[in-house]
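Next come the chains, spelled out residue by residue.
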There are 2 protein chains.
Amino acid sequence: MKKLFTPGPTEVPSDVLAALSTETMHHRTDEFRDVMQEISEGLAYAFRTKTEPVAFTSSGSGAMEAVVAGLFSPGEKVLAVVGGKFGERWRDLSRAYGLDVTEYAVKWGTSPDPDELLSFAKENGPFAALFLTQSETSTGTLKDVEAIASRFEGSGTLLIVDSVTALGVHELLPDDWGLDAVVAGSQKAFMCPPGLGFAWLSERAWERTATSTLPKYYFSLTKARESLSKYLTPFTPAVPLFLGLRQSLARMRGEGIEAIWKRHDALGRGARAGVRALGLSLFSEAPANGVTAVVAPPEIGGDAIRADLLDAHGFRLAGGQSHLKDKIFRIGHLGFYETADIADVLRALETVLSKRGWSDADGAAVKAAEAEWK
Amino acid sequence: MKKLFTPGPTEVPSDVLAALSTETMHHRTDEFRDVMQEISEGLAYAFRTKTEPVAFTSSGSGAMEAVVAGLFSPGEKVLAVVGGKFGERWRDLSRAYGLDVTEYAVKWGTSPDPDELLSFAKENGPFAALFLTQSETSTGTLKDVEAIASRFEGSGTLLIVDSVTALGVHELLPDDWGLDAVVAGSQKAFMCPPGLGFAWLSERAWERTATSTLPKYYFSLTKARESLSKYLTPFTPAVPLFLGLRQSLARMRGEGIEAIWKRHDALGRGARAGVRALGLSLFSEAPANGVTAVVAPPEIGGDAIRADLLDAHGFRLAGGQSHLKDKIFRIGHLGFYETADIADVLRALETVLSKRGWSDADGAAVKAAEAEWK
């Protein structure tokens, strides 16, 4: 039975966990190059890109930093869409590096209107880049990256996407959509433990790395790309995590990325139908399929619900962040989850809410979810 | 039988490897805080410091970058002692961040004279910091950090030490010696796989973080320290590696740091006596105990010796770097090694050299090593 229903770390299959304990391997060997080649091809498959992403031993935020430090120079004007914790991260990170950041704030739980965003950019720009969060984990909200990208086509603005909790969940076609950078992390839909961050760049973005003057060393994209051309890494990599990732990428290729998107669509629909059937409302107006943010009944509070779920069922859910603390709870279901897991967590939620006097525990949540899966 | 005789990655005990595959743990839980507390106390023990080092999910170079970006501002004058690849890293990293770096070059394989270094610093300074590499892995050379630190006492120059391949091998007493920053990595004497970098700062250095203007985000020392005060990490950590590290730190505390230094002293003495008994000479004039750099007979070449050792015995040794390629080979013996392992590698080396017509294979190498261990 799965325990983690958090939007990262997510559950890790036992074969991926076992791969972590493989005997120590030196990272400057043909043996490791074979691993790196397999991983890089697997990442390009998962990213749906013709060119291979680079991998850093770091969290996903490290890969975000590689993109900021690698493409820009101090004072460059950029636009960040902020509607949650991870949108704030693009803004804060870019500010920490001395970029001239304009914040485009949207209400938490909502997605920007592509046309309004474009108008804003035209009035206040030009901007060297637009920073987006495909799936804003703090609110369970999906942005329509494809539509936004189509509006900015030909604008000269680089489209930079944090897809940490969307990649392997929602469709993302960086080449076709004309994106310039996409960032992801190992501990989300990749079904791997945390510790690896990935960054893919378009050719236009790679060209830009040549003129960027911001300081970088460990997170140098150009060093990473040069090493990748030999299937090596510029710095000593976290070998066990690469071995685990090889295993989980093999799983992803086995299932097929379109099938993975479809599975997550079912997980998301089921979770949403289930919580609605309990009389709860969703926090997001544009729900993502990797994490479902649920408004907690104020008389109970999100943290009490989460504590009950952990105590009575061993299920760990995420709470609300910042001003949403205790107001919402979040069910993560990205990566190694199937519809039966959604049924498990809905059944447990119903029991917990029933004990708190909220629901009838008549199985309505699971029934509603199953109706979605028919 | 051990396979890796490289100065990192090093061999990992099976209990540490097994700890990597422990069931997924969320990193914002009391369970993980307990792990972090145990690790932090274990690191302070290994670092011989009163205050706890911070840990980054990165290689040791990431921790070096945290120190450079965290303590300095653009244009500050610093002095880097360079006598090998890792001294070059301090220099290149500081230059990448726009510091005004003066290089104090010493011949590869030699250690600077502390008095001459101080004179140089007085003539060419003042310098905000002196960057040192305690054990220069590329040449197997130890620097007398204690003596250098004693000369610079009261100079106002921060003493910043890369102890990546010295910590847990050679005595290092940062508090007593008046050091300001010490950096290490998981995959060396810590007997853990790669993926974690550690940085300890003196109180004087922590004060300096308040005025540094260099950009940083992922490698922010202040964010790391703030999280550490709650036994958390600012970014999602590589949980499996922390679980492995907990296990290896428990091993280190069990053996005792003084005993560990003594053991490595025996490993180093044995390795040196053994290769000398084969008629080979040491590359370094001030050999370190974590890695023994051996001058290869030019008619054979270091790379052929290494290839033979790998083919016939499964032992992987390191080669020479930069201009030392093929000229030397390096026997790593830091971390999870005992004298029997040195005997194994010496025996294999003697066999290989004998087949190449160099030695008699009469057991002289092991005999010489054993004489050291009596």
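Notes on the structure in this doc start here. (Residues numbered from 1 in each chain as written. Chains lettered and ligands numbered in written order. Predicted model: local features only at pLDDT ≥ 70, side-chain atom pairs only at ≥ 80, totals over all residues. Heavy atoms only, no water.)

## Digging into the interface of chain B and chain A
Next up, step 1: In this assembly, 46 residues from chain B lie in contact with 46 residues from chain A.
Next up, step 2: For the pair chain B and chain A, the number of links is zero salt bridges.
Next up, step 3: Counting the contacts that link chain B with chain A gives seven residue pairs in polar contact (both at pLDDT 80 or more).
Next up, step 4: Only α1 (14-20), α3 (60-71), α4 (85-96) and α10 (239-255) of chain B provide two or more residues apiece to the side of chain B that touches chain A.
Next up, step 5: No other element matches α4(B), which puts four residues into the side of chain B that touches chain A.
Next up, step 6: Residues belonging to the side of chain B that touches chain A are distributed by class as follows: 22 nonpolar, 17 polar and seven charged. (Contact = heavy atoms within 4.5 Å. Salt bridge = Lys/Arg side-chain N within 4 Å of Asp/Glu carboxyl O. Polar contact = N/O pair within 3.5 Å; in protein donor to acceptor, adjacent residues only side chain to side chain. Helix = DSSP H or I, 4+ residues; strand = E, 2+ residues; numbered from the N terminus. Nonpolar A, V, L, I, M, F, W, Y, C, P; charged D, E, K, R; others polar.)

## Overview of the sheet that holds strand β8 (residues 158-162) of chain A
Residue and element names in this part refer to chain A.
Next up, step 1: The sheet built from seven strands is open, its strands ordered β2-β10-β9-β8-β5-β3-β4 with mixed pairing. Two strands bound the open sheet, and with one partner strand each, they are β2 (54-57) and β4 (100-105). The mean angle between the axes of side-by-side strands here comes to 20°, regardless of whether they run parallel or antiparallel.
Next up, step 2: Judged from the six bridges that link them, strand β3 (residues 77-82) and β4 form a sheet pairing that is parallel. Across the sheet, the residue bridging to Ala80 is Glu103, located in β4.
Next up, step 3: Those strands touched by helix α9 (residues 221-228) are β2 and β10 (196-201), and its axis lies near 115° from that of β2. (Pairing = 2+ DSSP bridges. Axes fitted to C-alpha atoms, helices over the stretch in contact; angles between N-to-C directions.)

## Some details on unusual backbone geometry
All names here are of chain A.
Next up, step 1: Each neighbour pair has its own omega, and for Gly8 with Pro9 the value is 0°, a cis peptide bond.
Next up, step 2: With respect to the helices and strands, the residue Pro9 is situated in the loop between β1 (4-5) and α1 (14-20).
Next up, step 3: In this structure, Met191 takes a positive phi of about 60° despite not being glycine.
Next up, step 4: Along the chain, Met191 falls in the loop between β9 (181-185) and β10.

## Comments concerning the packing of aromatic side chains
Next up, step 1: Following the criterion strictly, the structure yields 25 aromatic pairs over all chains and no others.
Next up, step 2: A network of ring pairs unites the aromatic residues A:Phe56, A:Tyr217, A:Tyr218, A:Phe219, A:Phe235, B:Phe56, B:Tyr217, B:Tyr218, B:Phe219 and B:Phe235 as a single cluster.
Next up, step 3: One cation-aromatic arrangement involves B:Lys2 over B:Tyr337; the distance from NZ or CZ to the ring centre is 5.4 Å.
Next up, step 4: Of note, B:Lys223 hangs over the ring of B:Tyr217, and the distance from its end group to the ring centre comes to 3.4 Å. (Phe/Tyr/Trp six-rings, centres within 6.5 Å; stacked < 30°, edge-to-face > 60°. Lys NZ or Arg CZ within 6 Å of the ring centre and 35° of its normal.)

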